[in-house]
Amino acid sequence: MECQECHQRPATVHLTQVVNGKKTEIHVCEQCAKDNGYMNYGEENFSLNDLLSGLFHSEGPSPFKGQSPQTHPKKESLKCPSCGLTYNEFARIGKFGCAVCYETFDDRLNPILRRVHSGNTRHDGKIPKREGGNLHLKKEIEEYKNNLRQLIEQEEFEEAAKCRDKIRSLENELHQDEGGEE
Amino acid sequence: MSLKQFINEAISPWMKQEGPDSDIVMSSRIRLARNFADHPFPIIAREETLSKVLAYFEENFQQTSFRDYKDFELVRMRDLQPVEKRVLVEKHLISPHLAEHSENSATLISQNEQVSIMVNEEDHVRIQLYFPGFQLDKALEQASQLDDWLEEKVDYAFDEKRGYLTACPTNVGTGMRASVMMHLPALSMTQQINRMIPAINQLGLVVRGIYGEGSEALGSIFQISNQITLGKSEEDIVEDLHSVVKQLIDQERKARETLMHRSSVRLEDRIFRSYGVLTNSRIIESKEAAKCLSDLRLGIDLGLIDHIPRTILNELVILTQPGFLQQYAETTLSPDERDVRRASLIRERLQLEHKE
Ligand SMILES: [Zn+2]
Ligand SMILES: [Zn+2]
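In this text, all values refer to a predicted model and were calculated from it rather than measured experimentally.

Draft legend 1. How the structure looks around the overall build of chain A. Counting its regular elements, chain A contains seven helices and two strands. In sequence order, chain A lays out its α and β elements as β-β-α-α-α-α-α-α-α. Here chain A, with 182 residues, has 41% of them falling under the buried criterion. If you take every contact in chain A between residues at least 6 apart in sequence, the share linking residues at least 24 apart comes to 35%. On chain A, roughly 10,200 Å² of surface is accessible, and the fraction owed to carbon and sulfur atoms is 46%.

Draft legend 2. Here's a closer look at the nonpolar core. Ranked by internal contacts, the top residues of the largest apolar core, which has 101 residues, are B:I30, B:F57, B:M182 and B:I224. Formed jointly, this core draws a minimum of three residues from each of two domains, domain 1 (1-13 + 32-136 + 162-168) and domain 2 (263-353) of chain B. Among all residues touching B:I30, those that are not within four sequence positions of it are B:I127, B:Q128, B:L129, B:L136, B:A139, B:L140, B:A143, B:M176, B:R177, B:A178 and B:V238. Counting residues in hydrophobic clusters, the runner-up holds 20 residues, among them A:F90, A:F96, A:Y102 and A:F105.

Draft legend 3. Seen up close, the coordination of the zinc ion (ligand 2). All names here are of chain A. The coordination sphere of the zinc ion (ligand 2), as far as protein atoms go, consists of C80 (SG), C83 (SG), C98 (SG) and C101 (SG), spread over 2.3 Å. Metal-centred angles of 99 to 125° between the four donor atoms at the zinc ion (ligand 2) mark the site as tetrahedral. Considered as a linear motif, the donors of the zinc ion (ligand 2) on their single chain read C-x2-C-x14-C-x2-C. Taken together, the residues span a long stretch of sequence, with C80 in the loop between α2 (48-52) and α3 (87-93) and C98 in the loop between α3 and α4 (99-104) at a distance of 18 residues. In terms of burial, C80 and C98 fall into one category: buried.

Draft legend 4. Structural context of the interface of chain A and chain B. At the junction of the two partners, chain A supplies 60 residues and chain B supplies 77 residues. Across the interface of chain A and chain B, roughly 5,900 Å² is buried in total on both sides, 52% from carbon and sulfur atoms. On the surface where chain A and chain B come into contact, there are seven salt bridges. At the boundary of chain A and chain B, one finds 25 residue pairs in polar contact (both at pLDDT 80 or more). Elements that contribute at least two residues to the side of chain A that touches chain B include exactly β1 (13-19), β2 (22-28), α1 (30-35), α2, α3, α4, α5 (106-116) and α6 (135-153) of chain A.

Draft legend 5. Representation of the packing of helix α3 (residues 82-90) of chain B against helix α11 (residues 322-329) of chain B within the structure. All names here are of chain B. As a packed pair, α3 and α11 sit with axes 8 Å apart at the nearest point and diverge in direction by 130°. In terms of axis orientation, α3 runs oblique to α11. Note that α3 runs across α11; the crossing there is left-handed. Taking contact as the criterion, the partners of V83, R86, V87 and E90 in α3 are, on α11, P322, G323, F324, Q326 and Q327. Split into classes, the residues belonging to the contact of α3 with α11 amount to four nonpolar, three polar and two charged.

Draft legend 6. Representation of the confidence of the model for chain B in the model. Overall, the prediction assigns chain B a mean pLDDT of 93, with 97% of residues at 70 or greater. Scoring of the predicted complex yields 0.83 for pTM and 0.91 for ipTM.

Draft legend 7. The arrangement of helix α1 (residues 3-10) of chain B in detail. Taken residue by residue, α1(B) has B:L3, B:F6, B:I7 and B:A10 as its buried positions. Take α1(B) and look down its axis: the buried residues cluster within an arc of 95°, on one side only.

Draft legend 8. Structural view of the domain arrangement of chain B. All names here are of chain B. Taken domain by domain, chain B consists of domain 1 (1-13 + 32-136 + 162-168) and domain 2 (263-353). Of note, the centres of domain 1 and domain 2, computed from C-alpha atoms alone, are 29 Å apart. Opposite the 13 residues of domain 1 that make contact, domain 2 presents 14 residues. Each partner contributes to the roughly 1,400 Å² buried at the junction of domain 1 and domain 2, and carbon and sulfur atoms together form 76% of this total. Area buried by domain 1 at its contact with domain 2 is led by L3, F6 and E90, which between them contribute 44% of it. The interface formed by domain 1 and domain 2 holds zero salt bridges in total. Summed over the shared surface of domain 1 and domain 2, the number is three residue pairs in polar contact (both at pLDDT 80 or more). Elements represented by at least two residues in the side of domain 1 that touches domain 2 include exactly α1 and α3.

Draft legend 9. Summary view of the pattern of salt bridges. Applying the stated rule across the entire model yields 32 salt bridges over all chains. As a salt-bridge pair, A:K126 and B:D148 come within 2.9 Å of each other at their nearest N and O atoms. In this pair, A:K126 sits in the loop between α5 and α6 while B:D148 sits in helix α5 (residues 136-151), so the two residues belong to two different chains. An identical accessibility class is assigned to A:K126 and B:D148; each is buried. Linking A:R130 and B:D155 is a salt bridge whose minimum nitrogen-to-oxygen distance equals 2.9 Å. Placement of the pair is A:R130 in the loop between α5 and α6 and B:D155 in the loop between α5 and β6 (158-159), with the two residues belonging to separate chains. Judged by relative accessible area, B:D155 falls into the partly exposed class, the value being 35%.

Draft legend 10. A look at helix α10 (residues 312-319) of chain B. A large share of α10(B) lies buried, amounting to eight of its eight residues. Turning to α10(B), its buried residues number three or more, namely B:I312, B:L313, B:N314, B:E315, B:L316, B:V317, B:I318 and B:L319.

Draft legend 11. Structural context of the side chain of B:N201. Along the chain, B:N201 turns up in helix α7 (residues 192-202). A polar contact of 3.0 Å, which involves the side chain of B:N201, links it to the backbone oxygen of B:L205.

Draft legend 12. Looking closely at the pairing of strand β10 (residues 221-226) of chain B. All names here are of chain B. Where burial is concerned, most of β10 is hidden: six out of the six residues are buried. Relative to β10, strand β8 (residues 176-183) runs antiparallel, the two sharing five bridges. The residue bridging M181 from the neighbouring strand is Q223, located in β10. Of the pairings in the sheet, the one linking strand β9 (residues 205-210) to β10 comprises six bridges and is antiparallel in character. Paired with V207 across the bridge in β10 is I224.

Draft legend 13. Expanded view of the packing of helix α8 (residues 234-280) of chain B against helix α9 (residues 286-301) of chain B. Residues and elements named next belong to chain B. Where α8 contacts α9, the axes come no closer than 8 Å and their chain directions differ by 130°. Looking at the two axes, α8 sits oblique to α9. As for how α8 packs across α9, the hand of that crossing is left-handed. From α8, R256, L267, R270, I271, S274, Y275, V277 and L278 reach across to α9, where they touch E288, A289, K291, C292, L293, D295, L296, L298, G299 and D301. Residue composition of the contact of α8 with α9, by class: ten nonpolar, two polar and six charged.

Conventions used here
- The numbers attached to residues start from 1 for each chain and follow its sequence in the written order.
- By the order in which they are written, chains take letters starting at A while ligands take numbers starting at 1.
- In view of the model being predicted, local features appear only for residues whose pLDDT reaches at least 70, and side-chain atom pairs are presented and counted only at 80 or more, with totals across whole chains, interfaces and linings using the full set of residues.
- In computing side-chain properties, one takes all heavy atoms of the structure into account and sets aside hydrogens as well as water.
- Numbering of helices and strands runs from the N terminus, with a helix taken as a DSSP run of H or I at least four residues long and a strand as a DSSP run of E at least two residues long.
- For the exposure calls, accessible area comes from a 1.4 Å probe over protein chains only, and a residue counts as buried if that area is under 20% of its type's maximum, exposed if over 50%, partly exposed in between.
- Every residue pair with non-hydrogen atoms within 4.5 Å of one another is taken to be in contact.
- Using a 1.4 Å probe, accessible areas were evaluated by the Shrake-Rupley method; residue-level cover was limited to the displayed protein chains.
- By convention a nonpolar core is built from buried Ala, Val, Leu, Ile, Met, Phe, Trp, Tyr and Cys residues, the set being connected through side-chain atoms within 4.5 Å.
- Here the limits of each domain have been adopted from an automatic or database domain assignment.
- Any nitrogen, oxygen or sulfur atom within 2.8 Å of a metal ion counts as a donor, with the limit raised to 3.2 Å for Na, K and Ca, and since water is left out, coordination shells can look unfinished.
- Any site counts as irregular unless it has four donors with all angles between 85 and 135 degrees, making it tetrahedral, or four or six donors with opposite ones more than 155 degrees apart and the rest between 65 and 115, making it square planar or octahedral.
- Accessible surface is computed with a 1.4 Å probe, and the buried area is the amount of it that two parts give up when combined, taken over both parts together.
- Any carboxyl oxygen of Asp or Glu within 4 Å of a side-chain nitrogen of Lys or Arg constitutes a salt bridge here.
- Side-chain atoms alone can form a polar contact between residues adjacent in sequence; in general such a contact is a pair of N or O atoms within 3.5 Å, and within protein one must be able to donate a hydrogen while the other accepts it.
- Interaxial angles span 0 to 180 degrees and are taken between N-to-C directions of axes, which are lines fitted to C-alpha atoms, for helices over the stretch in contact.
- Working definition: roughly parallel below 35 degrees, roughly antiparallel above 145 degrees, roughly perpendicular at 65 to 115 degrees, and oblique for all remaining angles.
- By definition, turning the near helix anticlockwise from the far helix through less than a right angle yields a left-handed crossing, and turning it clockwise yields a right-handed one.
- Classes in brief: Ala, Val, Leu, Ile, Met, Phe, Trp, Tyr, Cys and Pro nonpolar; Asp, Glu, Lys and Arg charged; the others, Gly included, polar.
- One number per residue, pLDDT, summarises how confident the predictor is, and it ranges from 0 to 100.
- Note that the arc is defined by the directions from the helix axis to the C-beta atoms.
- Strand pairing is defined by DSSP finding a minimum of two bridges between the two strands.

So this is what it looks like as structure tokens:
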């Protein structure tokens, strides 16, 4: 069997990559395996094309196998004002050009993100300290509110009252914060 | 340079230590992807922009320290010879991508080589932190602190809805990839791993065999990582991965016991044959070396071979890669020459254990 990367040397490294239940066989020579990082901590090798095939709707010839060229004249003009990347280019390379691309293509991102992240489209993790601004406060209020709901269900009204007071004081803090910014 | 000296310098200090469940988990890693808010991402940025990002890192982080991670050294890719870059890739300190895009890329490596912060990879910043053995929680905690430390000086691209913004939609949200490298020889030999992989995939985790095909991954080394980065907290992602890895550890231990119980002579035969190959061969391909090293390591774990330290697998898997072989030989080697060098390096390394 010949190496599927260089088509010169015999394939001596045989790998199976399984992404979300989808198996991909990789047969490469040692050299190409190294060069492509197949033997490393190489999570970068998820094939986005595999994950997303058919989800991007790009005009013109598509690099994705089995996807025929489509035309969406209306979408043609969509272009990131900050970095200049068009939606078509995004669809072709599968990568964003800058932070503003996310807003620019926002309307079309949910199906893509849902596919890649098991149905999720919204961040629910860490918030940066500085950059996050009052998001920390908002998240804290959200957590207290969840807590409050549980306390009420469990009929622990005394605790619930304390929790409600806490939410009020945090909300005050948030309003002052936002007032200060404007 | 003597082999002993070479190994000392080649193997990262953290790799020489054992961690929790070191008989099965070789290492734990957390990787965080971050970007500057106001620069285009490296894939489309001009070199001038990338050189600004690099200069900013040099100015602010060169020779700094953060807690246990002392004296960060900025290593510019363009200053390195191809073989030097290759060695860094083989040590997992940089990605092949970084090595290929060398013009304005670099990595910031802590003295103990546990932390490597790649600059201008696919994202502007990629923080990688390694721990020996099974220590995902600790790795996450410390990676997050390193992240806070960087954020004091870097304005991150972050969005309330989508989280940390990354070049690739597969990383957005937490920007986190948590991984463990596991040595699962008994689950591989008994083919049980085959049945387990699809179930693990269902949980949004990815299993990759390193060397060889799926079940019969030749070195029996598997990497398990999270695939999903959006919509779950870092802690939840790590917890999910943790519980799967814990189960794999238990299953592997059980499978080892069963093998020892049911077919101990066969198992012993396999292990000592591999030991024989490693100590005697004059030519060895990386595939065969990986298989034999895995058997040897299993023999050590089972107490069948007791004069060799367990870390030998981690060590030799790294040292027998082409970059290291060529660095040790101090010359470029053809694949055939490498097979000869690989055999002699392994023989020499195993002989060191006899002398002591
Ligand atoms: Zn090849
Ligand atoms: Zn953009």
